[in-house]
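Secondary and tertiary structure notes
Chain by chain, the residues:
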Amino acid sequence: MSDRLVPRRDLAGIFSALVTPFAADGALALDLVPALVNRQLAQGIAGFYVGGSTGEAFLQSLDERAAFLRAVAKAAAGRCRLIAHVGAVATADCLALGRAAVEAGYDAISAIPPFYYDFSRDEAKAHYRTLGAELPLPLIVYNFGGRVGRLTSEDLLELLDEPRVIGVKHTSQDLHLLERFKRHRPEAVIYNGYDEMCLAGLAMGADGAIGTTYNFMGDLFVRLAAAVAAGRLTEARALQVTANRVIDVLIEVGVFPGTKAMLALMGFDAGTCRPPFRAVTDADRAKLATCVDLLRATAAG
Ligand code: MN9
């Protein structure tokens, strides 16, 4: 396959699955984007995965999603790598968002398989082939556990052979499959998806990680990844355990509303989530405040 894209190594590393801030009235709060982007870049992350699950993509119109892609690219101003999640049910909607990402200067696009309808495996694979053929950007398949429709492990391995597919965002506990992706195509860029298993994913060969909690503890995971790369697994494990103390609380209060609340407690307004996500309560905030203290102590130590 001579027209096959060679995956760029600078797409490896820790990527924040950036939250999308909404104002109290539910409107997109694009004014909050520059401070959020600057804060997270200061933590040393490689870049942003914009408009994915964490970005509440499926609670937004296509116009809003495109506007947010543009706002993040403007705020980032070439200082980091940017991956646009353009997944949608309709292939045409993915293409429209993909074109917005191309115009805004994104480095890669990514997409969840077409969902809701029982699309056949061939239909889902054809969807990715169309995105690859029509959009002049590297493509990262988003493998999200139960939400991949009928795509099998073999289908995902087959998609890794597509000329424009350079990698997989692997939000799955199946780390054997992650290792099979790397064995099948060693130069591919494979991202660990569950933050609470980041160490395990990196140990099994992931090139990086994309996650929700890197919005507010990206620095911890940058340190964790560096420790793994240097073979300091005891240190990496201690960092993962600290992170997981926080993630357990987040799962209790709701990962996305909890992430925005953590950012607020740290001094960065990330707005609210859209319903049906719940609003955090004072009791939630009190629990999360103990997590902020834990992270501060870890950063100091
Ligand atoms: O892709 C995220 N997964 C989802 C990454 O959004 C479904 C993760 O970062 C999780 O939010 C995180 C908490 O379970 O690992």
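Residues numbered from 1 in each chain as written. Predicted model: local features only at pLDDT ≥ 70, side-chain atom pairs only at ≥ 80, totals over all residues. Heavy atoms only, no water.

Here we come to the overall build of the protein chain. Of regular secondary structure, the protein chain possesses eleven helices and eight strands. Rg of the C-alpha trace for the protein chain: 18 Å, near the compact-globule value of 19 Å for 301 residues, within the 12% margin. Each principal axis of the C-alpha distribution contributes one length, and for the protein chain these read about 50 × 45 × 35 Å. In the protein chain, buried positions account for 53% of the 301 residues. Relative to all contacts within the protein chain whose residues are 6 or more apart in sequence, the contacts with residues 24 or more apart total 72%. (Helix = DSSP H or I, 4+ residues; strand = E, 2+ residues; numbered from the N terminus. Rg over C-alpha atoms; globule rule 2.2 N^0.38 Å. Buried < 20%, exposed > 50% of the residue type's maximum accessible area, 1.4 Å probe, protein only. Contact = heavy atoms within 4.5 Å.)

Turning our attention to helix α3 (residues 91-104). Every α-helical turn comprises 3.6 residues, leaving residues that sit three or four positions apart pointing alike. The end-to-end C-alpha separation of α3 is 20 Å, in line with the 20 Å expected for 14 residues at 1.5 Å each. Within α3, burial applies to Cys94, Leu95, Leu97, Gly98, Ala100 and Ala101. Directly beyond the C-terminal end of α3, a positive phi value near 90° is found at Gly105. (Expected span 1.5 Å × (residues − 1).)

Before going further, it helps to examine the site of the ligand. Neighbouring the ligand are 15 residues, the closest being Phe144, Lys169, Asp195, Glu196 and Thr212. For the ligand, an oxygen atom lies 3.3 Å from a polar atom in the side chain of Thr171. In the environment of the ligand, an oxygen atom lies 2.5 Å from a nitrogen or oxygen atom belonging to the side chain of Glu196. Coverage of the ligand by the protein amounts to 91% of the 390 Å² it exposes when considered alone. Of all the elements in the fold, those that place two or more residues in the shell around the ligand are β5 (139-144), β6 (165-171), β8 (208-211) and α10 (255-265). Of the residues belonging to the shell around the ligand, the class tally is six nonpolar, six polar and three charged. (Near = heavy atom within 4 Å. Polar contact = N/O pair within 3.5 Å; in protein donor to acceptor, adjacent residues only side chain to side chain. Areas by Shrake-Rupley, 256 points an atom, 1.4 Å probe, with all protein chains shown as cover. Nonpolar A, V, L, I, M, F, W, Y, C, P; charged D, E, K, R; others polar.)

A few words on the pattern of salt bridges. Inspection of the entire model under this criterion finds 19 salt bridges. The salt bridge involving Asp207 is made with Lys182; its shortest N-O contact spans 2.9 Å. One end of the pair, Asp207, is in the loop between α7 (198-203) and β8; the other, Lys182, is in helix α6 (residues 175-184), with 25 residues separating them in the sequence. Accessibility expressed as a relative area gives 17% for Asp207, which makes it buried. For Lys182, a relative accessible area of 15% translates into the label buried. (Salt bridge = Lys/Arg side-chain N within 4 Å of Asp/Glu carboxyl O.)

What follows is about the side chain of Gln240. Looking at where Gln240 falls in the secondary structure, it is placed in helix α9 (residues 233-253). Polar side-chain contacts of Gln240 include one of 3.3 Å to the backbone oxygen of Glu196. With residues near it in sequence (within four places) discarded, Gln240 still touches Asp195, Glu196, Met197, Cys198, Leu199, Phe221 and Leu224.

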